[in-house]
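Here is what each chain is made of, one letter per residue.
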Amino acid sequence: ARMKKLAPATERNREPIREVLARVLPPAGTVLEIASGSGEHAVWFATAFPALHWQPSDPDPHARASIAAWRAESGLPNLAEPLVLDVCAPWPLDRADAILCINMIHISPWEATLALFAGAATLLAPGGLLYTYGPYKFDGVTPPSNEAFDQSLRSRDPRWGVRDVKDLGAAAEGFALTEIVAMPANNHSLVWRRR
């Protein structure tokens, strides 16, 4: 279907991400995926974790059309229709057992990250998982490839950029950062738990 978008990075990172998720996701319940993009991750993870109800979302109608096309093709019973969700606006659901946010934090304004943590804090029960993935800085340091990526992001939109884990920790009110996992291509998985 022409609606389906392909994100090349998805092929590279989906299996390493699945390995981390297999350890940290709850055994059952609803997983809200924020900024699902093309929808490829949603299909991959809904396939990998059939006991979980997978809820993709994206603010962009083109992304939602792609998610819906991937979903229709997959025929997965545990993959829901994509929701319209802009982290900075009221969220369209009031609870989730886990929340995933892959590759959003660096390509959105800082307010979106603050809104992500605030929204996640209202949806998750204590101990609930918020999983974020992408390139990060650690005390201002990141590999040269990420440094160049950071500059290209900021040239596209000065409000974007690779964030420092220290700043995220300070912003993540109500969350504890329980695990940092190095991933391919100088990315990291951050495992946050609702306090």
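All values reported here derive from a predicted model rather than from experimental measurement. (Residues numbered from 1 in each chain as written. Predicted model: local features only at pLDDT ≥ 70, side-chain atom pairs only at ≥ 80, totals over all residues. Heavy atoms only, no water.)

Chemist: Help me out: how do you make sense of the sheet that holds strand β8 (residues 187-194) in this one?
Modeler: Judged by pairing direction, the sheet is mixed, and its six strands sit side by side in the order β2-β1-β3-β4-β8-β7 without closing on themselves. A strand with exactly one partner marks an edge of an open sheet, and here the two such strands are β2 (52-56) and β7 (175-183). Mean inter-strand twist for the sheet, computed between neighbouring axes without regard to direction, equals 20°. Pairing of strand β1 (residues 29-34) with strand β3 (residues 98-102) involves four bridges; the strand directions are parallel. Pairing of Glu 33 across the sheet is with Leu 100, part of β3. Where helix α2 (residues 40-48) meets the sheet, its contacts fall on β1, β2 and β3, and the angle it forms with β2 comes to roughly 175°. (Pairing = 2+ DSSP bridges. Helix = DSSP H or I, 4+ residues; strand = E, 2+ residues; numbered from the N terminus. Axes fitted to C-alpha atoms, helices over the stretch in contact; angles between N-to-C directions. Contact = heavy atoms within 4.5 Å.)

Chemist: Explain the packing of aromatic side chains here, please?
Modeler: Pairs of aromatic rings are described using the distance from one ring centre to the other and the angle between the two planes. In the structure shown here, the tally under the stated rule is four aromatic pairs. When the ring of Phe 45 is compared with that of Trp 54, the centres are 5.7 Å apart and the planes differ by 45°; the resulting orientation is tilted. Here the two residues Phe 45 and Trp 54 agree in accessibility, since each one is buried. Taken together, a centroid distance of 5.9 Å and an interplanar angle of 55° make the contact between Phe 117 and Phe 175 tilted. Here Phe 175 lies in strand β7 and Phe 117 lies in helix α4 (residues 110-123), a separation of 58 residues in the sequence. Given a relative accessible area of 1%, Phe 117 falls into the buried group. Under the relative-accessibility criterion, Phe 175 is labelled buried at 2%. Aromatic ring contacts, followed pair by pair, group Phe 45, Phe 49 and Trp 54 into a single cluster. Note that Lys 4 overlies the ring of Trp 70, its terminal NZ or CZ placed 4.2 Å from the centroid. We note Arg 14 situated over the ring of Trp 44; from NZ or CZ to the ring centre the distance is 3.7 Å. (Phe/Tyr/Trp six-rings, centres within 6.5 Å; stacked < 30°, edge-to-face > 60°. Buried < 20%, exposed > 50% of the residue type's maximum accessible area, 1.4 Å probe, protein only. Lys NZ or Arg CZ within 6 Å of the ring centre and 35° of its normal.)

Chemist: Honestly, the layout of surface pockets in this entry has me stumped. Any pointers?
Modeler: To find leftover empty space, a probe the size of one water molecule is rolled over the atoms. One number sums up the size of the largest pocket: a volume of about 1100 Å³. What lines the largest pocket is a set of 45 residues, and nearest its centre among them are Ile 102, Asn 103, Met 104, His 106 and Ile 107. Residue assignment for the lining of the largest pocket shows that the elements contributing at least two residues are α1 (8-24), β1, α2 and α5 (144-156). Split by residue class, the lining of the largest pocket holds 23 nonpolar, twelve polar and ten charged. (1 Å grid on protein atoms, 1.4 Å probe; cavity = no way out; pocket = protein on both sides within 12 Å on 5 of 7 lines; lining within 4 Å. Points joined across faces, edges and corners; volume = space filled by probe spheres on them. Nonpolar A, V, L, I, M, F, W, Y, C, P; charged D, E, K, R; others polar.)

Chemist: Before we go on, may I ask you to explain the packing of α1 against α2 in this structure?
Modeler: Angle between the axes and distance between the axes are the two parameters that describe a pair of packed helices. Their axes nearest at 10 Å, the elements α1 and α2 cross at an angle of 35°. Both α1 and α2 take part in a crossing whose hand is right-handed. Residues Thr 10, Asn 13, Arg 14, Glu 15, Ile 17, Arg 18 and Leu 21 of α1 form the contact with α2, whose own contacting residues are Glu 40, His 41, Trp 44, Phe 45 and Ala 48. Among the residues making up the contact of α1 with α2, the classes are represented as five nonpolar, three polar and four charged. (Left-handed = near helix turned anticlockwise from the far one by under 90°.)

Chemist: So what exactly am I meant to see when it comes to the environment of Ile 102 here?
Modeler: Among the secondary structure elements, Ile 102 is positioned in strand β3. On the basis of relative accessibility, which here comes to 6%, the residue Ile 102 falls in the buried class. Spatially, the C-alpha atoms of Ile 102 and Ala 182 are 14 Å apart, while their sequence positions differ by 80 residues. Apart from the residues within four sequence positions on either side, Ile 102 is in contact with Ile 17, Glu 33, Ile 34, Ala 35, His 41, Phe 45, Tyr 131 and Tyr 133.

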